[in-house]
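# Coordinate analysis (summary)
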Amino acid sequence: AGPGLKVISTLSVGFDHLALDEIKKRGIRVGYTPDVLTDATAELSVALLLSAARRLPEAAEQVKRGGWTTWKPEWMCGYGLSDSTVGIIGLGRIGQAVARRLKPFGVRKFLYTGSGPKPENAAEFGAEFVPLARLAEESDFVVVTCALTPATQGMCNKDFFGRMKKTSVFVNTSRGPVVNQEDLYQALAHGQIAAAGLDVTTPEPLPTDHPLLTLKNCVILPHIGSATYATRSTMAVLAAKNLLAGLRGEPMPHELKL
């Protein structure tokens with residue numbers, strides 16, 4: 001775009017797709033759309049967790065393929081939230097919204113980790129701030145809702161999955177590169193963890209021949225965290241308002257401070 005580019009408006013809360021160093025160097029203003037997609041993404045996170053834990057896609061496929069025959073006590077059994085420990089990586093807006101929705105399921109304990117303790121965020125859930133390793137070891141469900149930064153890239157790796165319980169379920173609705181996908185595949189394929197649900201991958205779209213897509217215990221969605229009609233409409237309006245305010249030299253409703 002050259003020197004004529006003055007304003008960028010992104011229809012997202014994430015901004016890892018932007019060349020921030022270059023943007024800052026050129027003095028370009030950036031608008032984004034936080035807050036408005038929190039509820040939709042939290043709902044999707046819970047839906048994905050339940051789908052992976054209770055094996056919903058696999059069960060639906062059994063109905064279609066004629067696998068549903070006589071009743072069997074342990075057929076299609078999964079894992080429930082009641083009396084469980086849930087670990088949340090990144091207790092920001094979306095992380096808190098996920099915890100708020102999971103609490104009524106009878107979760108016994110919430111753990112969280114991040115760049116530092118957030119007692120004001122954690123108080124509502126009685127959540128305990130712990131190191132990443134302890135969160136992996138003690139959680140029955142792990143939900144990743146953190147931002148992608150150099151510190152979080154590849155955070156969920158072989159060591160992390162190796163510490164998790166064999167009955168644990170892993171869910172990522174943040175950004176694909178937070179997870180080492182080869183390590184996740186190995187953990188799922190060899191029964192190190194029970195199941196995973198991903199709304200984000202590396203790359204996106206995920207190639208149809210990717211090894212993760214061969215696994216019954218991995219539910220993968222096409223990055224639809226904010227995909228409700230109401231949320232996408234609100235995001236579009238906010239993105240337009242950010243852009244117009246930027247072009248007028250006015251304060252944006254939501255400007256990324258660089």
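Counting starts from 1 at the beginning of each chain's written sequence and moves along it residue by residue. The predicted nature of this model means local features are confined to residues of pLDDT at least 70 and side-chain atom pairs, given and counted, to a pLDDT of 80 or more, with totals for whole chains, interfaces and linings taken over all residues. As a rule here, side-chain values cover all heavy atoms of the structure and leave hydrogens and water aside.

The name recorded for the protein chain in an unreviewed UniProt entry is Glyoxylate reductase/hydroxypyruvate reductase, from Chloropsis cyanopogon. UniProt positions are given in the numbering used here, feature names are shortened, and annotations may be inferred rather than shown by experiment. Annotation of the protein chain in UniProt includes, under Sequence similarities (unreviewed entry), the sentence "Belongs to the D-isomer specific 2-hydroxyacid dehydrogenase family."

Now for the overall build of the protein chain. By definition, any uninterrupted DSSP run of H or I lasting at least four residues is a helix, any uninterrupted run of E lasting at least two residues is a strand, and each is numbered from the N terminus. The secondary structure content of the protein chain amounts to nine helices and nine strands. In this treatment the radius of gyration is a C-alpha quantity, and the globule benchmark scales as 2.2 Å times the residue count to the 0.38 power. For 258 residues, the compact-globule estimate of 2.2 N^0.38 gives 18 Å, and the C-alpha radius of gyration of the protein chain, at 20 Å, lies within 12% of that figure. Each principal axis of the C-alpha atoms in the protein chain carries an extent, and together these give about 65 × 40 × 30 Å. The cut-offs for exposure are 20% and 50% of the maximum accessible area for each residue type, with area from a 1.4 Å probe on protein chains only; residues under the lower value are buried, those over the upper are exposed, and the others partly exposed. By the burial criterion, 44% of the 258 residues in the protein chain qualify as buried. Looking at the protein chain alone, contacts between residues at least 24 apart form 65% of all its contacts between residues at least 6 apart. Distance between charge centroids for the protein chain: 3 Å, based on 28 positive and 24 negative side chains. Note on contacts: a residue pair qualifies if any of its non-hydrogen atoms lie within 4.5 Å across the two residues. For the purpose of counting charges, residues Lys and Arg are taken to be positive, whereas Asp and Glu are taken to be negative. His and the chain ends are not included. To locate a charge, take NZ of a lysine, CZ of an arginine, CG of an aspartate or CD of a glutamate.

Stacked, tilted and edge-to-face are the three classes assigned to paired rings of Phe, Tyr and Trp, where Trp is represented by its six-membered ring and a pair needs centres within 6.5 Å; plane angles under 30 degrees give stacked, over 60 edge-to-face, the rest tilted. Enumeration over the complete set of coordinates arrives at six aromatic pairs. Their ring planes at 70° and their centres at 6.2 Å tell us that phenylalanine 160 and phenylalanine 170 sit as a pair that is edge-to-face. You can see phenylalanine 160 sitting in helix α7 (residues 158-163) and its partner phenylalanine 170 sitting in strand β7 (residues 169-172), a full ten residues away along the chain. For the pair formed by phenylalanine 160 and phenylalanine 170, the shared burial category is buried. Joined through ring pairs, the aromatic side chains of Phe160, Phe161 and Phe170 make up one cluster. Sitting over a ring, as applied to charges here, requires NZ of Lys or CZ of Arg to be within 6 Å of the ring centre and within 35 degrees of the ring normal. When the ring centre of tryptophan 75 is taken as origin, the NZ or CZ atom of lysine 72, which lies over that ring, is 5.0 Å away.

Cis geometry is found at the peptide bond from threonine 202 to proline 203, where omega equals -5°. Residue proline 205 is bonded to the preceding glutamate 204 through a cis peptide linkage, with omega at -5°. Positionally, proline 205 belongs in the loop between β8 (195-198) and β9 (218-220). You will see that aspartate 35, though not glycine, has its phi angle at about 70°, which is positive. For aspartate 35, a relative accessible area of 39% gives the class partly exposed.

Take the UniProt feature "domain: D-isomer specific 2-hydroxyacid dehydrogenase NAD-binding" (unreviewed entry) in the protein chain next. Under the feature "domain: D-isomer specific 2-hydroxyacid dehydrogenase NAD-binding" (unreviewed entry), the UniProt entry names residues 46-225. Secondary structure across residues 46-225 divides into 30% helix and 15% strand, with the first and last C-alpha atoms of the span separated by 11 Å.

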